[in-house]
Amino acid sequence: MGLDEIKPKKFYYLLHPRPVVVIVTKCANGKINAMSASWITPISEDPPTIAVAIDRASFTHECLEYSGEATINIPSSSHINLVYEIGTTSGREIDKISKFRIELTTSKRITTPRWSEALGWLEVKVDRYIDVGEVRLYIFNVIEYYMRKDVASEWGWDTRRASILHHGVGRGFYTIGKLLLAGGSIPT
Ligand SMILES: Cc1cc2nc3c(=O)[nH]c(=O)nc-3n(C[C@H](O)[C@H](O)[C@H](O)COP(=O)(O)O)c2cc1C
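Every residue gets a number counted from 1 within its own chain, in the order that chain's sequence is written. Residue-level local features of this predicted model are given only where pLDDT is at least 70; pairs of side-chain atoms are given and counted only at 80 or more, and the full residue set underlies all totals for whole chains, interfaces and linings. Hydrogens and water are ignored here; the side-chain numbers use all heavy atoms of the structure.

S.K.: Give a detailed account of the pattern of salt bridges, specifying residues and quantitative values.
M.R.: Where side chains of opposite charge bring their charged atoms close, a pairing between them can arise. Salt bridge, as used here: a side-chain nitrogen of Lys or Arg that lies within 4 Å of a carboxyl oxygen of Asp or Glu. This structure, assessed with the given rule, holds eight salt bridges. A salt bridge links Arg92 to Glu62, with the shortest nitrogen-to-oxygen separation between them at 2.8 Å. Here Glu62 lies in helix 1 (residues 59-67) and Arg92 lies in the loop between helix 2 (80-86) and helix 3 (96-99), a separation of 30 residues in the sequence. Each residue's exposure class comes from its accessible area (1.4 Å probe, protein chains only) as a fraction of the maximum for that residue type: buried when under 20%, exposed when over 50%, partly exposed otherwise. Arg92 gets classed as partly exposed once you look at its relative accessible area, which sits at 40%. You can call Glu62 partly exposed: its relative accessible area is 40%. When the shortest N-O distance is used, the salt bridge between Arg128 and Asp127 registers 2.6 Å. Given the relative accessible area of 53%, Arg128 is considered exposed. Taken together, the shared-partner salt bridges connect Arg56, Glu65, Asp131 and Arg136 into one network. Runs of E in the DSSP output that reach at least two residues are strands. Runs of H or I that reach at least four are helices, and both are numbered from the N terminus.

The following block contains the structure:
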């Protein structure tokens, strides 16, 4: 390796920070669970499809196998501690909804509830999956999506009002910085 290069501890550090979401799932015996995820991406517009990489050891994986649907809830930077907590504890051991006082409300088109305090929501159903290594890459059809009107327009987030949380590494998170417009001069 050249003197002017460094190999980070993990390959994916090159691909972080990434937006983080809270995945709410319906599990056996009526239990509801929530976990944080940042390995999520849009895939196709027609039909509206996203993919999320979910560790097969997680309780969320078990719940997705049970119910086949989820809500994808967009947290704000004010939720940083909650996002970290539900991303480092398992619903297999505790009831995260009551322990972390996660307030839920009815979704529009699926039976899994959504997180009331989120800034926006996607209601999704499992279309198919691919197992890769320790992960099940879920391909979800987007059944419904909506944002809080006070922080968004039909063009998406108003980042002066919505402080969208991104995950760096470990306990490190980021929010969005300056808006840059292509075609103009790049501010330094
Ligand atoms: C910011 C953040 C992002 C995470 N992203 C993912 C992810 O994309 N996929 C995943 O499987 N786990 C991810 N995790 C880890 C899970 O949230 C963690 O394993 C959680 O304990 C699983 O909970 P469960 O067993 O209740 O499903 C992330 C954790 C944090 C804190």
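After presenting the structure, the write-up continues.
S.K.: Any chance you could break down helix 1 for me, citing the residues and the numbers?
M.R.: For helix 1, the full list of buried residues reads Phe59, Thr60, His61, Cys63 and Leu64. The secondary structure elements touched by the buried residues of helix 1 are strand 2 (21-26), strand 3 (32-37), strand 5 (49-55), strand 6 (69-74), strand 9 (120-132) and strand 10 (135-147). Gly68 sits one or two positions beyond helix 1 and adopts a positive phi of about 70°. Should any heavy atoms of two residues lie within 4.5 Å, those residues are considered in contact.

S.K.: Residues and numbers for the nonpolar core, please.
M.R.: To define a nonpolar core, start from buried Ala, Val, Leu, Ile, Met, Phe, Trp, Tyr and Cys residues and group those joined through side-chain atoms within 4.5 Å. Counting residues in each nonpolar core, the largest one holds 20 residues, and the members touching the most others are Ile23, Ile50 and Val52. Looking at this core, the elements that each hand over two or more residues are strand 2, strand 3, strand 5, strand 6 and strand 10. Other than its neighbours up to four places away in sequence, Val52 contacts Ile23, Ala37, Trp39, Ile40, Arg136, Leu137, Tyr138 and Phe140. Core analysis: the next-biggest nonpolar cluster, separate from the first, contains 17 residues, Val24, Val83, Trp121 and Leu165 among them.

S.K.: Describe the site of the ligand, with residues and values.
M.R.: The near set for a molecule or strand comprises every residue that places at least one heavy atom within 4 Å of it. Around the ligand sit 21 residues in total, of which Ala53, Thr60, Thr89, Ser90 and Gly91 are the nearest. The separation between an oxygen atom of the ligand and a polar side-chain atom of Ser90 is 2.6 Å. Contacts to the ligand include Lys96, whose side-chain N or O atom sits 2.9 Å from an oxygen atom. Per-residue accessibility takes into account occlusion by the displayed protein chains alone, with areas from the Shrake-Rupley method and a 1.4 Å probe. Contact with the protein chains removes 85% of the 650 Å² of surface that the ligand exposes when unbound. For the shell around the ligand, the secondary-structure elements that each account for two or more residues are strand 3, strand 5 and helix 1. A per-element tally of the shell around the ligand places strand 3 first, with four residues. Polar contact is defined as a pair of N or O atoms within 3.5 Å, subject to the rule that within protein one atom must be able to donate a hydrogen and the other to accept it, and that residues adjacent in sequence are counted only when both atoms are side-chain atoms.

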